[in-house]
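The primary structure of each chain is shown beneath.
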Amino acid sequence: MTAISAARAHPAQGPAQGLTPDDVFLSDVLEGLSRPDKSLPCKYFYDAEGSALFDEICTLDEYYPTRTETVLLHARADEIAALAGRGATLVELGSGSSVKVRILLDALDAPAMYVPVDISRDHLIAAAARLAGDYPAVTVVPVAADYVRGFALPRGVAPERTMAFFPGSTIGNFRPAEAMAFLDNLGRRLGAGARLLIGVDLRKDPAVLEAAYDDARGVTAAFNMNLLARINRELDGTFDLKRFAHVARYDTGRGRIEMHLRSLDDQTVRIAGHPIRFARGETIHTENSYKYSVPGFRRLAARAGWRTEQSWTDERSLFSLHWMVRHG
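Everything quoted here is computed from the prediction, not taken from an experiment.

Chemist: Please clarify how the overall build of the protein chain should be interpreted in this entry.
Modeler: Helix and strand counts for the protein chain stand at 10 helices and 13 strands. The globule rule puts the C-alpha radius of gyration for 328 residues at 20 Å, and the 20 Å found for the protein chain is close to it. Seen along its three principal axes, the alpha-carbon backbone of the protein chain occupies a region of about 60 × 45 × 35 Å. Within the protein chain, buried positions represent 54% of all 328 residues. Here the analysis covers contacts within the protein chain between residues at least 6 apart in sequence; of these, 72% occur between residues at least 24 apart. Here the protein chain holds 39 positive side-chain charges and 41 negative ones, and the gap between their average locations is 4 Å.

Right under this line is the structure:
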């Protein structure tokens, strides 16, 4: 099965009640910007432009998570392959450019299927086509979907042969209670006996964290600002990007990096004709990235129905990988 035919067999998971993705996008944007503390869902970062900018972020000197996780994956690939066993189905959540998964596919014993799940359909299909060409023995079945809302696995996938891969510390974008609910729902979807390899960023010096989310070249700022540009492109928005600034700060009490877009003036923006007023200094909260300790994350996962069998960290304890099994 080729990547393109698989994509046609498993099209994007449409929103409920006949709403189009644009309808949902508009509803989410208007709802978030109508709150007293304005916010936007971080999942909307990843249109084609946003996905390309994030790929660039992953190459920056300041952005340690990708580099550190990649080193960990290379170092532990044989152990992970032994835990996964022969003929595994690999399901990657938020697959993006499907770069890190190649480390696993090279190490796994005769993987049967790769199922990349990503909200950015065009980016997903292009990445899946490249990977299918490079791994002709692996059936590649891309699923264009918001993995938080839910997605359908291909038929006949056995839970005990399934290995979910959730890299990049994306779990940190959820508040802890939301992370627990997400992991529980994922376990229910995959079934008892399914395995999960998940990347989790660790707590560290705030200066290291803030530099990672506010790099000297301004790529992260452009990534954050692209969310407003996307609203302009797709929802008839009137944001003047020169009147907003990127903000990244670490909240020590909550253990999270916050990204915001700060209004530089009193202004009114229209989105699909709806006026949204901003006061000077008011911010749009666009992302959280929670940081954990290894024992703390293991406790959270246990409450969500996952048993941790192995955890790995790098030499500087910047980042961690966890191998988990879903119990009944």
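Chemist: So what exactly am I meant to see when it comes to the sheet that holds strand E7 (residues 244-251) here?
Modeler: Reading across from one edge, E7-E8-E11 is the order of the 3 strands in this open sheet, with antiparallel pairing throughout. Unpaired on one side and paired on the other, E7 and strand E11 (283-290) mark the two borders of the sheet. Between one strand axis and the next, the sheet turns by 20° as a mean value, whatever way the strands run. Here E7 runs beside strand E8 (residues 256-263); their pairing, made up of 8 bridges, is antiparallel. Within E8, the residue paired with Ala248 across the bridge is Met259.

Chemist: Can you help me understand the pairing of strand E9 (residues 267-271) in this one?
Modeler: Working note: regular strand, side chains alternate between the two faces of the sheet. Burial along E9 is one-sided: Gln267, Val269 and Ile271 are buried, while Thr268 and Arg270, pointing the other way, are not. Where E9 and strand E10 (residues 274-278) come together, 5 bridges link them in antiparallel fashion. If you follow Arg270 over to E10, its bridge partner there is Pro275. Between E9 and E10, which pair antiparallel and follow one another directly, the connecting turn spans 2 residues, one of which, Ala272, has a positive phi of 50°.

Chemist: Looking at this structure, how should I read the packing of aromatic side chains?
Modeler: Using the criterion set out here, one finds 16 aromatic pairs in the structure. Seen in terms of ring centroids, Phe54 and Tyr63 are 6.2 Å apart; in terms of plane orientation they differ by 80°. Their pairing is edge-to-face. The exposure class of Phe54 is partly exposed, given its relative accessible area of 24%. The rings of Phe45, Tyr46, Phe54, Tyr63, Tyr213 and Phe223 are connected pair by pair, giving a single aromatic cluster. Of note, Lys38 hangs over the ring of Phe278, and the distance from its end group to the ring centre comes to 5.1 Å. Above the face of the Phe25 ring, Arg230 is positioned so that its terminal group lies 4.7 Å from the ring centre.

Chemist: Got a minute to help me understand helix H2 (residues 21-33) in this structure?
Modeler: Two residues of an α-helix separated by three or four positions point the same way, owing to the 3.6 residues in each turn. Taking 1.5 Å as the rise per residue, H2 with 13 residues should run 18 Å; its terminal C-alpha atoms sit 18 Å apart, in good agreement. Of all the residues in H2, the buried ones are Val24, Phe25, Asp28, Val29, Leu30, Gly32 and Leu33. For H2, the secondary structure elements touched by its buried residues are helix H9 (219-235), E9, E10 and E11.

Chemist: Before we go on, may I ask you to explain helix H6 (residues 121-134) in this structure?
Modeler: In this model, H6 (14 residues) spans 20 Å end to end at C-alpha, consistent with the 20 Å of a helix rising 1.5 Å per residue. The set of residues buried in H6 consists of His123, Leu124, Ile125, Ala127, Ala128, Leu131 and Ala132.

Chemist: When you look at the confidence of the model for the protein chain in this model, what are you seeing that I'm missing?
Modeler: As a general rule, the predicted coordinates of low-pLDDT regions are not to be interpreted in detail. On average, residues of the protein chain score 92 in pLDDT, and 94% of them are at 70 or above. For residues 1-16, every residue scores under 50 in pLDDT, and the model assigns this stretch 36 contacts once sequence neighbours within four places are set aside.

Chemist: Where do I start with the packing of helix H7 (residues 176-190) against helix H10 (residues 294-303) in this structure?
Modeler: Any two packed helices are characterised by the angle at which their axes cross and by the distance between the axes. Running from N to C, H7 and H10 cross one another at 50°; their axes reach a closest spacing of 8 Å. In terms of orientation, H7 lies oblique with respect to H10. In this structure, H7 meets H10 at a crossing whose hand is right-handed. Facing Pro176, Ala179, Met180 and Leu183 of H7, the residues of H10 in contact are Phe297, Leu300, Ala301 and Arg303. Among the residues making up the contact of H7 with H10, the classes are represented as 7 nonpolar, no polar and 1 charged.

Cut-off values and rules
- Residues numbered from 1 in each chain as written.
- Predicted model: local features only at pLDDT ≥ 70, side-chain atom pairs only at ≥ 80, totals over all residues.
- Heavy atoms only, no water.
- Helix = DSSP H or I, 4+ residues; strand = E, 2+ residues; numbered from the N terminus.
- Rg over C-alpha atoms; globule rule 2.2 N^0.38 Å.
- Buried < 20%, exposed > 50% of the residue type's maximum accessible area, 1.4 Å probe, protein only.
- Contact = heavy atoms within 4.5 Å.
- Lys, Arg positive; Asp, Glu negative; His and termini not counted.
- Charge placed at Lys NZ, Arg CZ, Asp CG, Glu CD.
- Pairing = 2+ DSSP bridges.
- Axes fitted to C-alpha atoms, helices over the stretch in contact; angles between N-to-C directions.
- Phe/Tyr/Trp six-rings, centres within 6.5 Å; stacked < 30°, edge-to-face > 60°.
- Lys NZ or Arg CZ within 6 Å of the ring centre and 35° of its normal.
- Expected span 1.5 Å × (residues − 1).
- pLDDT = per-residue confidence, 0-100.
- Parallel < 35°, antiparallel > 145°, perpendicular 65-115°, else oblique.
- Left-handed = near helix turned anticlockwise from the far one by under 90°.
- Nonpolar A, V, L, I, M, F, W, Y, C, P; charged D, E, K, R; others polar.

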